[in-house]
Amino acid sequence: MIIPLTHGENISEEEKYNQERTPYFDALKDYIESGITTYHVPGHIQGKGAHPEFRDFVKKYGLEADVSQVLGLDDIHQPGTVVKEAQDLAAKAYGADKTYFLINGSSSGNHAMILTVLNPGDKIIIPRNMHRSTTGALIMSGAVPIYVDPAYDYDMQVDHAVTVDTLREALENNPDVKAVMVLSPTYYGAACNLKEIVDLVHSFDKPILVDEAWGPHFHFHPSLPMSATEAGADMCVNSTHKLVGGMCQASMIHVKGERIDKGRLEAVIRMFLSTSPSCLMVASLDMARMNMATNGRQLLDKALELAEWARNEINKVPGLKSYGYEMVGRSGVHGFDGTKLNFTAKDLGYTGYEVEQILRKQYNLQIEMSDLFNCLALITVGHDEKDVQLLVDACRDVANWDRAHVTLSQLQLFYRRKDRPMELPDWPRQVMTPREAFVAEHETIDIKESGGRICAEMITPYPPGIPILRPGDEITDDIVDHISVEIEAGVHIQGAADSTLKTIRVVKNI
Ligand SMILES: Cc1ncc(COP(=O)(O)O)c(C=O)c1O
């Protein structure tokens with residue numbers, strides 16, 4: 001069955017507001033009932049990778065189990081009994097001193113980490129390719145980012161992690177920073193040399209915070225990169241829902257050592273917590289931890305094996321390329337998460353966006369994300385041989401297509417437009433802090449006229465969720481050009497007041 005990707009375009013105004021319509025629910029129902037095969041978060045993959053007892057429980061009780069805090073189920077805001085026990089078990093499993101359950105994703109975890117450690121005006125060293133939630137936290141905290149560039153991969157055309165040398169230089173040049181934050185692993189699975197980075201940052205007597213949203217499984221398999229807790233990071237966030245069986249939005253913060261004020265962290269976490277937490281989500285965190293702690297090695301063996309098989313098969317297809325362990329050793333890639341299945345058909349003239357659309361519309365397969373060049377599928381503890389075979393067969397099929405099937409090769413368009421090597425634009429210069437620019441008086445101008453102005457909003461291709469412009473950045477013509485190419489190629493952009501991005505908010509000239 002080919003699923004409609006659009007709903008409700010051709011209906012009359014009267015019908016549009018017919019209160020019997022349920023457009024969102026209908027779209028969800030279509031999605032699930034289409035029999036789609038998924039390679040995206042949540043990593044339990046429609047329940048297949050959740051612990052069998054939890055899966056059966058949810059199936060049996062459904063909405064009956066949708067309860068919030070009641071007597072006997074503890075208080076996630078002030079855990080004292082069963083939530084505390086579950087968090088303590090999670091801390092033990094991850095080698096942390098203390099673990100906190102989150103029900104608003106690692107986004108709230110990044111908010112909480114930054115707001116715990118930084119006051120207005122405090123400086124933090126932070127790579128440019130951090131998730132947009134860290135920018136939100138910088139706006140809320142009033143902290144001052146000292147941006148450092150991640151390593152750029154000219155072959156894949158993606159940013160990897162930040163290097164030890166880059167951070168050392170930043171620490172030496174900015175002795176007054178309050179903390180350092182890194183992203184490891186990246187969306188595409190590149191992990192930094194976390195052990196050396198932790199030792200380096202601690203040698204300057206500063207705390208190191210790690211956005212490890214994509215690494216909740218690292219602690220449970222020796223072939224995966226070292227986990228942040230094992231490396232000794234002071235605080236990290238894990239999206240349990242992304243890869244190890246938690247329900248959407250279920251995440252954890254782990255804390256180690258004495259550099260973090262846990263009282264302040266708990267107060268901040270409470271600020272971002274709903275007062276009606278979903279007990280199902282909390283239970284999914286408990287069950288995901290149990291599943292990983294008792295069975296993780298075996299489950300991850302299988303996922304790693306399946307992903308490696310898929311990489312090898314894709315690499316046999318002329319014109320396709322899947323990046324794997326050979327990336328280790330490139331700048332910014334100290335380790336690689338072998339469960340990430342990256343692939344590209346750029347040599348056949350396809351953008352990643354096109355391939356994602358084709359896989360969805362023609363093969364009923366939904367991958368995690370695409371960018372201008374690459375696609376990313378997650379192979380998790382919820383997949384079996386058949387799922388992975390389906391994806392590989394579809395990729396092989398697409399590579400063998402007659403190109404006339406595709407109306408326009410956006411990537412070829414991109415090649416033709418550019419008189420310089422095909423690569424992403426340089427990161428912009430920071431002129432104001434994110435908070436200063438966000439609260440400053442702004443004006444809305446034509447984006448084509450915005451080169452040289454200071455951005456007052458966050459422009460984020462989503463996924464991967466890394467802002468290409470943050471409040472306070474000086475807009476460049478290269479970035480404006482790149483945004484227009486991305487839009488033409490079909491990117492989904494979040495954050496701009498004008499969703500068409502014909503205009504942009506900039507700080508008002510005074
Ligand atoms: C690197 C990174 N950090 C944080 C987040 C936010 O995680 P969540 O979706 O759990 O809020 C994401 C989301 O994709 C991410 O990619």
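From a predicted model like this one, the values you see are computed outputs, not experimental measurements.

### Looking at the overall build of the chain
Line of reasoning, step 1. Secondary structure summary: the chain contains 17 helices and 20 strands in total.
Line of reasoning, step 2. Taking 24 Å as the expected radius of gyration for a compact globule of 510 residues, we find that the chain reaches 23 Å, a close match to that expectation.
Line of reasoning, step 3. Expressed as a percentage of its 510 residues, the buried residues of the chain come to 56%.
Line of reasoning, step 4. Excluding contacts between residues fewer than 6 apart, the proportion of contacts in the chain whose partners are at least 24 apart in sequence is 73%.
Line of reasoning, step 5. As displayed, the chain has an accessible area near 21800 Å², and 51% of this comes from carbon and sulfur atoms.
Line of reasoning, step 6. On the chain, the mean spot of the 49 positive side-chain charges and the mean spot of the 71 negative ones are 1 Å from each other.

### So, the state of the cysteines
Line of reasoning, step 1. Counted according to the given criterion, the structure contains zero disulfides.
Line of reasoning, step 2. In this structure Cys279 is not part of a disulfide, and its nearest cysteine sulfur, from Cys248, lies 17 Å away.

### Considerations on the site of the ligand
Line of reasoning, step 1. Taken together, 14 residues form the shell around the ligand, and within it Ser106, Ser107, Asp211, Trp214 and His241 come nearest.
Line of reasoning, step 2. At 2.6 Å from an oxygen atom of the ligand is found a side-chain nitrogen or oxygen belonging to Ser107.
Line of reasoning, step 3. In this structure, an oxygen atom belonging to the ligand sits 3.0 Å away from a side-chain N or O atom of Lys242.
Line of reasoning, step 4. Coverage of the ligand by the protein amounts to 90% of the 390 Å² it exposes when considered alone.
Line of reasoning, step 5. Breaking the shell around the ligand down by element, the ones donating at least two residues are helix H5 (105–117) and helix H10 (240–243).
Line of reasoning, step 6. Examining the composition of the shell around the ligand, we find that four residues originate from one element, H5, more than from any other.
Line of reasoning, step 7. In the shell around the ligand, the residues fall into four nonpolar, eight polar and two charged.

### Remarks on the sheet that holds strand S16 (residues 374–378)
Line of reasoning, step 1. Pairing is antiparallel in the open sheet, where three strands are placed in the order S13-S16-S15. The open sheet terminates on both sides in strands that have one partner only, identified here as strand S13 (340–344) and strand S15 (369–370).
Line of reasoning, step 2. Pairing of S15 with S16, which is carried by two bridges, proceeds in the antiparallel orientation. Residue pairing in the sheet places Ser370 in a bridge with Cys375 of S16.

### A word on the pattern of salt bridges
Line of reasoning, step 1. Within the structure shown, the criterion is met by 23 salt bridges.
Line of reasoning, step 2. What you see here is one network of salt bridges that share partners, running through Glu313, Lys316, Asp393 and Arg396.

### Topic: the sheet that holds strand S4 (residues 144–148)
Line of reasoning, step 1. In space, the seven strands of this open sheet follow the order S2-S11-S10-S9-S7-S3-S4, with mixed pairing throughout. In this open sheet, the two strands that pair with only one neighbour each are strand S2 (98–102) and S4. Averaged over neighbouring strand pairs, the angle between their axes works out to 20 degrees when direction is ignored.
Line of reasoning, step 2. Pairing between strand S3 (residues 123–127) and strand S7 (residues 179–183): two bridges, direction parallel. Residue Ile125 lies in a different strand from S7, and its bridge partner there is Val180.
Line of reasoning, step 3. Contacting S2, S7, strand S9 (208–211), strand S10 (235–238) and strand S11 (251–255), H5 runs over the sheet at an angle of about 165 degrees to S10.
Line of reasoning, step 4. The sheet strands contacting helix H11 (residues 262–272) are S2, S10 and S11, and the helix crosses S2 at an angle near 10 degrees.

### Here we look at unusual backbone geometry
Line of reasoning, step 1. The step from Val41 to Pro42 runs through a cis peptide bond, and the omega angle for that step is 0 degrees.
Line of reasoning, step 2. Note that Pro42 resides in the loop between strand S1 (37–39) and helix H3 (52–61).
Line of reasoning, step 3. Of the consecutive residues Tyr462 and Pro463, the connecting peptide bond is found in the cis state with omega at -20 degrees.
Line of reasoning, step 4. Topologically, Pro463 is positioned in the loop between strand S18 (460–461) and helix H17 (477–489).
Line of reasoning, step 5. Of note in the backbone geometry, Ile45 takes a positive phi value of approximately 50 degrees without being a glycine.
Line of reasoning, step 6. Tracing the sequence through the fold places Ile45 in the loop between S1 and H3.
Line of reasoning, step 7. Look at Ile45 and you get buried, because its relative accessible area is 2%.

### Quick notes on the domain arrangement of the chain
Line of reasoning, step 1. Looking at the assigned domains, one finds that the chain contains domain 1 (13–41 + 295–411), domain 2 (62–290) and domain 3 (434–507).
Line of reasoning, step 2. Taken over both partners, the interface formed by domain 1 and domain 3 buries close to 600 Å², and the fraction arising from carbon and sulfur atoms is 65%.
Line of reasoning, step 3. The tally of links between domain 1 and domain 3 comes to zero salt bridges.
Line of reasoning, step 4. Residues that form the side of domain 1 that touches domain 3 fall into these classes: three nonpolar, three polar and one charged.

### Section: the nonpolar core
Line of reasoning, step 1. Phe101, Met181, Leu209, Met235, Ile253, Leu265 and Ile269 are the most contacted members of the largest nonpolar core, which totals 63 residues.
Line of reasoning, step 2. The element contributing the most residues to this core is helix H12 (residues 279–315), with six residues.
Line of reasoning, step 3. Residues from two domains meet in this core; each of domain 1 (13–41 + 295–411) and domain 2 (62–290) gives at least three.
Line of reasoning, step 4. By size, the runner-up hydrophobic cluster in this structure holds 26 residues, among which are Ala307, Leu320, Ala345 and Cys375.

### Topic: a nonpolar patch on the surface
Line of reasoning, step 1. Residues Tyr24, Leu28 and Ile32 make up a contiguous nonpolar surface patch of roughly 360 Å² in combined accessible area.
Line of reasoning, step 2. Take Tyr24: it is sitting in helix H2 (residues 23–33).
Line of reasoning, step 3. A relative accessible area of 69% means that Tyr24 is categorised as exposed.

### Structural notes on the packing of H3 against H12
Pairs of packed helices are described in terms of their axes, by the angle between the two and the distance that separates them.
Line of reasoning, step 1. The contact between H3 and H12 brings their axes to 10 Å, and the two run at 160 degrees. The orientation of H3 relative to H12 falls into the category roughly antiparallel. The crossing of H3 and H12 is right-handed. Together, Glu53, Phe54, Phe57 and Val58 of H3 and Leu280, Ala283, Ser284 and Met287 of H12 make up the contact between the two elements.
Line of reasoning, step 2. For the contact of H3 with H12, the per-class residue count stands at six nonpolar, one polar and one charged.

Rules behind the numbers
- Residues numbered from 1 in each chain as written.
- Predicted model: local features only at pLDDT ≥ 70, side-chain atom pairs only at ≥ 80, totals over all residues.
- Heavy atoms only, no water.
- Helix = DSSP H or I, 4+ residues; strand = E, 2+ residues; numbered from the N terminus.
- Rg over C-alpha atoms; globule rule 2.2 N^0.38 Å.
- Buried < 20%, exposed > 50% of the residue type's maximum accessible area, 1.4 Å probe, protein only.
- Contact = heavy atoms within 4.5 Å.
- Areas by Shrake-Rupley, 256 points an atom, 1.4 Å probe, with all protein chains shown as cover.
- Lys, Arg positive; Asp, Glu negative; His and termini not counted.
- Charge placed at Lys NZ, Arg CZ, Asp CG, Glu CD.
- Disulfide = S-S within 2.5 Å.
- Near = heavy atom within 4 Å.
- Polar contact = N/O pair within 3.5 Å; in protein donor to acceptor, adjacent residues only side chain to side chain.
- Nonpolar A, V, L, I, M, F, W, Y, C, P; charged D, E, K, R; others polar.
- Pairing = 2+ DSSP bridges.
- Salt bridge = Lys/Arg side-chain N within 4 Å of Asp/Glu carboxyl O.
- Axes fitted to C-alpha atoms, helices over the stretch in contact; angles between N-to-C directions.
- Domains from an automatic or database assignment.
- Buried area = accessible area lost by both parts, 1.4 Å probe.
- Core = buried A, V, L, I, M, F, W, Y, C linked by side-chain atoms within 4.5 Å.
- Patch = residues over 30% accessible without salt bridge, like charges linked within 9 Å, V, L, I, M, F, W, Y side chains within 5 Å.
- Parallel < 35°, antiparallel > 145°, perpendicular 65-115°, else oblique.
- Left-handed = near helix turned anticlockwise from the far one by under 90°.

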